Amino acid sequence: MNAKLQMVDLVGQYQKIKSEVDEAVLDVMAKASFIGGDRVKSFKANLEKYLGARHVIPCANGTDALQIAFMALGLQPGDEVIVPAFTYVATAEVIALLHLKPVLVDVNIDDFNIDIRKVKEAIGPRTKAIVPVHLFGQCAEMEAIMKIAREHNLYVVEDNAQAIGADYIYADGRRVKGGTISDIGCTSFFPSKNLGCYGDGGALFTQDDDLSKKITMIANHGQSVQYYHDVVGVNSRLDSIQAAILDIKLKHLDAYAAARIQAANYYDAAFAHHPHLITPCRNKHSTHVFHQYTLRVTNGQRDALKEFLTLHQIPCAIYYPLPLYQQKAFAPFCDAVNFLPVTDQLCKEVISLPMHTELTPGSQDIIIEKVLSFFK
Ligand SMILES: *Cc1c(COP(=O)(O)O)cnc(C)c1O
């Protein structure tokens, strides 16, 4: 009955840009220029302009972007990197993979982003970097984080995989794009992300010329002259078909964000003042581009609500069900972490509803009606 309801409607989105996308993809195929070339250069330049970033370095996916960032900063095995415990695994995974130590800290109950008080407490002699994640589409408190980082001589890497296009708003009113504030910003173009391609893709942003050179070299087997390898690198490229698609979708990014915000406002109006639901907060220091629309269910019935919605064919999802520090893979890094109360609470309370660029009030009414009927 609700066959049309989906968490993300990528088919509907494609239909609206089909002719432009098809033409661009066919052109790449006709020229057989699958790697590098004009399409990648053009997307890189357009994204630099959009973000106000001095350098954008495209790569193969968001996880690679994070890994390359830590490699470029020259962190050494055993160095500690402070990460929120309530995030997608990729953020902490690459830190562990490079034999750095992820130090997982708690998040804010209202915006789900890293708690700057916990960041301060977690800083020790081996701390080298902080990784704020702009979770679900809203920036972390970057001004405060950059201040802490300067005081302690730490690098900051923004995980902007979920918030591309969001504005960070300084206390003085100045606006910049999230991801461009710290040493390196990282993003993902996974299909369901706010700027998604038709496969895998990612990018790093930096304002620093030297870091840009290092990142470019590391992403390309550690070479800047072909077959001369100065550092150990990786193979991480954005392919030309994905770049062509991203270049087209970038022009729509602000309109896509506006559609998401409109859908979020519509949900907000329906769920405001509900005794058992808390709608997403909107920070003063950031716009919200709603990668996810995430409610908190405060009466202990989150899992029952999820079952109820699933039974009635209303898509929903739990991002994230288990804190990173309780994951088997991260047990070796978390000996000192017994309990992060806010992360724990959020993992039990959050539920995300369908959120995408093609949502209509009609389909939202069906979703809203079912959510509200659960509590009756
Ligand atoms: C999606 C995502 C990533 C990883 O991106 P991939 O392109 O899937 O590798 C990293 N961090 C966060 C917060 C994400 O949401």
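Keep in mind the model is a prediction, meaning the values are calculated, not measured.

Draft legend 1. Examining the overall build of the chain more closely. Along the backbone of the chain there are twelve helices and 14 strands. In summary, the chain has a C-alpha radius of gyration of 21 Å against a globular reference of 21 Å for 376 residues, a match within 12%. In terms of overall dimensions, the chain has C-alpha extents of about 70 × 55 × 45 Å along its principal axes. Per-residue burial over the chain gives 56% buried out of 376 residues. Counting only contacts in the chain whose residues sit at least 6 apart along the sequence, the fraction spanning at least 24 positions is 72%. Summed over all atoms, the accessible surface of the chain reaches about 16600 Å², with 54% contributed by carbon and sulfur. If the 36 positive side-chain charges of the chain are averaged to one point and the 41 negative ones to another, these points end up 1 Å apart.

Draft legend 2. Quick look at helix α9 (residues 253–271). In this model α9 runs 27 Å from its N-terminal to its C-terminal C-alpha over 19 residues, within 8% of the 27 Å that 1.5 Å per residue would give. Taken as a whole, α9 has its buried residues at Leu253, Tyr256, Ala257, Arg260, Ala263, Ala264, Tyr267, Asp268 and Phe271. The buried residues of α9 occupy an angular sector of 145° when projected down its axis, which confines them to one face. In α9, those exposed residues whose orientation departs by more than 90 degrees from the buried face are Gln262 and Ala269.

Draft legend 3. Structural view of the domain arrangement of the chain. The domains assigned to the chain are domain 1 (2–8 + 253–374) and domain 2 (10–105 + 112–250). A straight line from the C-alpha centre of domain 1 to that of domain 2 covers 24 Å. Contact residues are listed per partner, giving 35 residues for domain 1 and 44 residues for domain 2. Interface of domain 1 and domain 2: buried area, both sides summed, is about 3500 Å²; carbon and sulfur atoms make up 63% of it.

The rules behind each value
Residues numbered from 1 in each chain as written. Predicted model: local features only at pLDDT ≥ 70, side-chain atom pairs only at ≥ 80, totals over all residues. Heavy atoms only, no water. Helix = DSSP H or I, 4+ residues; strand = E, 2+ residues; numbered from the N terminus. Rg over C-alpha atoms; globule rule 2.2 N^0.38 Å. Buried < 20%, exposed > 50% of the residue type's maximum accessible area, 1.4 Å probe, protein only. Contact = heavy atoms within 4.5 Å. Areas by Shrake-Rupley, 256 points an atom, 1.4 Å probe, with all protein chains shown as cover. Lys, Arg positive; Asp, Glu negative; His and termini not counted. Charge placed at Lys NZ, Arg CZ, Asp CG, Glu CD. Expected span 1.5 Å × (residues − 1). Arc of directions from axis to C-beta. Domains from an automatic or database assignment. Buried area = accessible area lost by both parts, 1.4 Å probe.

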